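Remarks on the overall topology
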Amino acid sequence: MVVVVVVVVVVVVVVVVVVVVVVVVVVVVVVVVVVVVVVVVVCCCCCQWSVAASVLEILHKLLVEHEVKPEHFIDEPCIDFVQPRSTTPAVMSKPPGHTILVHLTSDSAMLKTVRFSL
């Protein structure tokens with residue numbers, strides 16, 4: 001009985017750690033994109049508009065290639081199997097297009113930055 005409780009606790013801790021890592025990775029990606037956009041907007045060099053255009057092209061490419069799926073809107077992490085015959089599930093982060101979509105459809109700093117650069 002004690003062994004079962006210990007195993008359950010260990011599994012829960014591992015799942016929580018994996019979820020936290022996935023959330024941190026998504027947040028870092030979003031922060032990097034926002035920082036890049038902010039740096040482009042604030043930049044005073046003569047090529048600032050070509051750089052801003054390139055960043056917007058990247059954002060556009062990620063959004064166009066993004067396939068919206070219902071499971072992306074659930075707060076739980078996406079769980080997928082790494083290999084077809086694998087029995088070990090792996091937690092997958094949500095696609096970058098989804099994160100960008102969420103930030104552009106809410107009143108976020110990223111939306112304000114993109115609006116300002118247009």
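Cut-offs and rules
- Residues numbered from 1 in each chain as written.
- Predicted model: local features only at pLDDT ≥ 70, side-chain atom pairs only at ≥ 80, totals over all residues.
- Heavy atoms only, no water.
- Helix = DSSP H or I, 4+ residues; strand = E, 2+ residues; numbered from the N terminus.
- Buried < 20%, exposed > 50% of the residue type's maximum accessible area, 1.4 Å probe, protein only.
- Contact = heavy atoms within 4.5 Å.
- Areas by Shrake-Rupley, 256 points an atom, 1.4 Å probe, with all protein chains shown as cover.
- Arc of directions from axis to C-beta.
- pLDDT = per-residue confidence, 0-100.
- Salt bridge = Lys/Arg side-chain N within 4 Å of Asp/Glu carboxyl O.

1. Considerations on the overall build of the protein chain
Looking only at helices and strands, the protein chain has four helices and two strands in total. For the protein chain, the succession of helices and strands along the chain, N to C, is α-α-β-β-α-α. When each of the 118 residues of the protein chain is scored for burial, the buried share is 19%. Sequence separation of at least 24 residues holds for 51% of the intrachain contacts in the protein chain that already meet a minimum separation of 6. Summed over all atoms, the accessible surface of the protein chain reaches about 8,600 Å², with 74% contributed by carbon and sulfur.

2. Overview of helix H4 (residues 109–117)
Regarding H4, the residues found buried are Met110, Leu111, Thr113, Val114 and Ser117. Take H4 and look down its axis: the buried residues cluster within an arc of 165 degrees, on one side only. Exposed positions of H4 whose direction lies more than 90 degrees from the buried face are Ala109, Arg115 and Phe116.

3. Some remarks on the confidence of the model for the protein chain
A low pLDDT score tells you not to read the predicted coordinates there in detail. In this model, the protein chain carries a mean pLDDT of 75, and residues with pLDDT of at least 70 account for 69%. Mean pLDDT in the protein chain bottoms out at strand E1 (residues 78–81), which sits at 54, and peaks at helix H3 (residues 96–104), which reaches 85.

4. With respect to the pattern of salt bridges
Tallied over the entire structure, the rule returns two salt bridges. Here Glu65 makes a salt bridge to Lys61, at a shortest N to O gap of 3.0 Å. In this pair, Glu65 and Lys61 are both assigned in helix H2 (residues 48–65), four residues apart and thus about one turn of the helix distant. Its salt-bridge partner being Lys112, residue Asp107 comes within 4.0 Å of it at the nearest N-O pair.

5. Regarding the environment of Val102
Locating Val102 in the fold gives a position in helix H3. You can call Val102 partly exposed: its relative accessible area is 36%.

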